[in-house]
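So you can see what is in the structure, the chains are spelled out below.
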Amino acid sequence: MWKFLSSRLLSLSLILGLAGIALAQPVEQSVKTCCPKIQEYKLKYLAEHQYNEFIKFLSRYKSKDKAVQYCLDYYKADTRYLQLKHLEETQSWDDYFSNGNTYRQQLVESARKVIEQTLSADCLKVKSRFLLWQFHRDQQDVFVQEALEDLVAQVKAYAQDQQDPELIKEIADQLLASQEKSKAREIYKLYVDGLVRKEVTTLQLKNIASGFYNEGNLELAQSIYDLYIEKVTQDLTSENLVKELLEIAGLFVYKASGPYDMAYAEKIYALIDSLGQENVFDQEAIYLRAFNLEKFRAYQQAGGLYLQLTQTYPETQHFDEAIYKVAMINAYVLADLVEARRYFELIASRVTSSPQTISSLYQLGLLSHWQGDLVQAGSYYNRVLEAAGDQYKDIVSQAQERIKEIQENQPISYNLKTFLDLSLNKESALIELNRAELQSAGYILEKNQNNSVSSLVSMPQSGCNQVELQYLWSGNLGAVEPEVTESNFDNAYLETGTKEINIVIISPAGAIDRSFMMLDVY
């Protein structure tokens, strides 16, 4: 009885509240605020999943105020959408299959009624378009792309009337969360344009961009940084502009923690290049850019910058790492064994040992081993054992395995040899396919840090059954040995240094592609 009385009292209070909207608020305010009062009532009903009860209430109430009627229709559509989602999540299939079509019809009809009767400046028109897109996307029907285009067009029309920028941002946020990045960027630009119309200062723009960056909203941060750069380019001297650009690029380069976007960082670095100023990159800026390009897999550009770093700053603390990576890129990206050997020898001859010194000796042995010079290969492998001492056990273990192969007159481990054959042979048909890609949860790791490595491969569309692939992993994988059926694995490294991970992907028809990447453990 108490539940019945409570429901009746709630309905009465809602009716009085809606009447208050119609009597106390002009149409313009009701439209602008997007029905805050009904939103409050919706939360009360839907807190107990009383979807049908709320629909009955909305249907009973009639108003001569068109703005209120638009609110009622929108919330009918919104409620049916949420009800369908709830039925799916709770697997309430009896109600879903018995009444689902009715709910969908009411959703679409109510949303379209709002769209047809409201003006472009009405927030409910935008919200109804967004609701229809969500509905069609969830249904995965043929109308989803049309609904998306209609939504974007509606937001653009809404933005032209200089309406609430927060609603525009909210739509963009939702599109971004749904992986509609290109559309989200279009809408974010409208939001940014709204900020421009407010005539915010360049400092305010920078602070707004920084705020969104700190929130992890990189799409919006980049849109505002682009606008900020456009404005300060007109006001700052070349020297001060470069400082600002370096600061922004430094935010977006790859890092162990925090937001980053390697492509955007390089876009800003390229803009600095276009200014034509000489010697604007200091030692750390060159290293950051090279490191970012390497993790972005723009290996040739990265190698050029690593060389520039060591030639301009020969005393840099990054010397061994930079030259070692130049050698690795020459070997396994460019198949230039002469240059690869030259740079491996440069590091191997260094007086003070480092992880890269020991790795260079191993790589020199591996190249000789692959070329069939077993005496020279054995010599390099033994130098690894001598130079490493009690350290660098992961590299020592690899060298010992290669020595055993030579002593027992066995070929190089199949996985590793397959990778070497495909990477070092310039005539290989796979050298520039770029269909395989390696990804790591982290590219800068601490010792003993758990990490996940995975492979992706782009296969041509086919109507046949899914092709079974084999994954030939090699290199410095830590303490794990993934099976050929595993496209990913977890690992950790016990010692510092630059660790190479190689893969060859095989289909029943033969090798598809090969790839490699470098992780850095500090």
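Provided above is the structure to which this section pertains.
Residues numbered from 1 in each chain as written. Predicted model: local features only at pLDDT ≥ 70, side-chain atom pairs only at ≥ 80, totals over all residues. Heavy atoms only, no water.

Moving on, we come to the packing of aromatic side chains. Scanning the entire structure with this criterion turns up 21 aromatic pairs. Judged by centre distance (5.2 Å) and plane angle (85°), the rings of tyrosine 74 and tyrosine 75 are edge-to-face. Tyrosine 75 shares its class with tyrosine 74; the two are buried. Each member of the aromatic cluster is reached from another via a ring pair, and the members are Tyr213, Tyr225, Phe252 and Tyr264. (Phe/Tyr/Trp six-rings, centres within 6.5 Å; stacked < 30°, edge-to-face > 60°. Buried < 20%, exposed > 50% of the residue type's maximum accessible area, 1.4 Å probe, protein only.)

A few words on the state of the cysteines. Tallying each qualifying case throughout the model produces one disulfide. There is a disulfide in this structure between cysteine 35 and cysteine 71, and the S-S distance comes to 1.8 Å. Residues cysteine 35 and cysteine 71 are joined by a disulfide whose S-S torsion is about -80°; by sign, that bridge is left-handed. Note that cysteine 35 is positioned in the loop between helix H2 (27-32) and helix H3 (36-46) and cysteine 71 in helix H5 (residues 66-89), a separation of 36 residues in sequence. Note on accessibility: cysteine 35 and cysteine 71 belong to one class, buried. (Disulfide = S-S within 2.5 Å. Helix = DSSP H or I, 4+ residues; strand = E, 2+ residues; numbered from the N terminus.)

We now examine the pattern of salt bridges. Counting across every chain of the model gives 30 salt bridges. The shortest N-O distance in the salt bridge between lysine 37 and glutamate 40 comes to 3.8 Å. Pair noted here: lysine 37 and glutamate 40 are both in helix H3, with a separation of three residues, about one helical turn. The class for glutamate 40 is partly exposed, based on a relative accessible area of 40%. With its nearest N and O atoms 3.4 Å apart, the salt bridge here joins aspartate 138 to lysine 85. Of this pair, aspartate 138 sits in helix H7 (residues 123-139) while lysine 85 sits in helix H5; the two residues are 53 residues apart in sequence, bridging distant segments of the chain. Looking at aspartate 138, the relative accessible area reads 28%, which means it is partly exposed. Via salt bridges that share partners, Glu294, Lys295, Glu321, Lys325 and Asp520 belong to a single interconnected network. (Salt bridge = Lys/Arg side-chain N within 4 Å of Asp/Glu carboxyl O.)

For the rest of this paragraph, the subject is the packing of H7 against helix H9 (residues 165-177). The geometry of H7 relative to H9 is characterised by a closest axis approach of 11 Å and an angle of 5° between their N-to-C directions. What the angle tells us is that H7 and H9 run roughly parallel. Packed against H7, whose contacting residues are Cys123, Val126, Lys127, Phe130 and Trp133, the element H9 presents Leu167, Ile171, Gln174 and Leu175 at the interface. For the contact of H7 with H9, a count of residues per class yields seven nonpolar, one polar and one charged. (Axes fitted to C-alpha atoms, helices over the stretch in contact; angles between N-to-C directions. Parallel < 35°, antiparallel > 145°, perpendicular 65-115°, else oblique. Contact = heavy atoms within 4.5 Å. Nonpolar A, V, L, I, M, F, W, Y, C, P; charged D, E, K, R; others polar.)

This part covers empty space enclosed by the protein. In total, this model carries three cavities of 30 Å³ or more according to the counting rule given. Of the volumes computed, that of the largest cavity is approximately 60 Å³. The wall of the largest cavity is formed by Tyr324, Ser359, Tyr362, Gln363, Ile395, Gln398, Asn476, Thr498, Lys499 and Glu500. Taken together, the elements giving at least two residues each to the lining of the largest cavity come down to helix H19 (355-371), helix H21 (393-407) and strand E6 (497-507). As a volume, the second largest cavity reaches approximately 50 Å³. Forming the boundary of the second largest cavity are Glu294, Lys295, Arg297, Tyr299, Leu438, Tyr443, Met517 and Met518. Taken together, the elements giving at least two residues each to the lining of the second largest cavity come down to helix H15 (283-295) and strand E7 (510-521). The class makeup of the residues in the lining of the second largest cavity is five nonpolar, no polar and three charged. (1 Å grid on protein atoms, 1.4 Å probe; cavity = no way out; pocket = protein on both sides within 12 Å on 5 of 7 lines; lining within 4 Å. Points joined across faces, edges and corners; volume = space filled by probe spheres on them.)

In this structure, the largest pocket encloses a volume near 700 Å³. Along the walls of the largest pocket sit 33 residues, with Gln398, Gly475, Leu477, Gly478 and Val480 positioned nearest its centre. Of all elements in the fold, only helix H17 (319-332), H19, H21, helix H22 (414-424), strand E4 (470-475) and E6 reach the threshold of two or more residues within the lining of the largest pocket. By residue number, the principal contributor to the lining of the largest pocket is H21, which donates six residues. Considered class by class, the residues forming the lining of the largest pocket number 16 nonpolar, 10 polar and seven charged.

Now for helix H10 (residues 181-197). A rise of 1.5 Å per residue sets the reference length of H10, with its 17 residues, at 24 Å; its end C-alpha atoms lie 24 Å apart and thus fit the reference within 8%. Considered for burial, the residues of H10 that qualify are Lys183, Ala184, Ile187, Tyr188, Leu190, Tyr191, Val192, Gly194 and Leu195. In the core, the buried residues of H10 are packed alongside helix H8 (144-160), H9, helix H11 (202-215) and helix H12 (218-235). Remark: glutamate 199 follows H10 within two positions and exhibits a positive phi of approximately 60°. (Expected span 1.5 Å × (residues − 1).)

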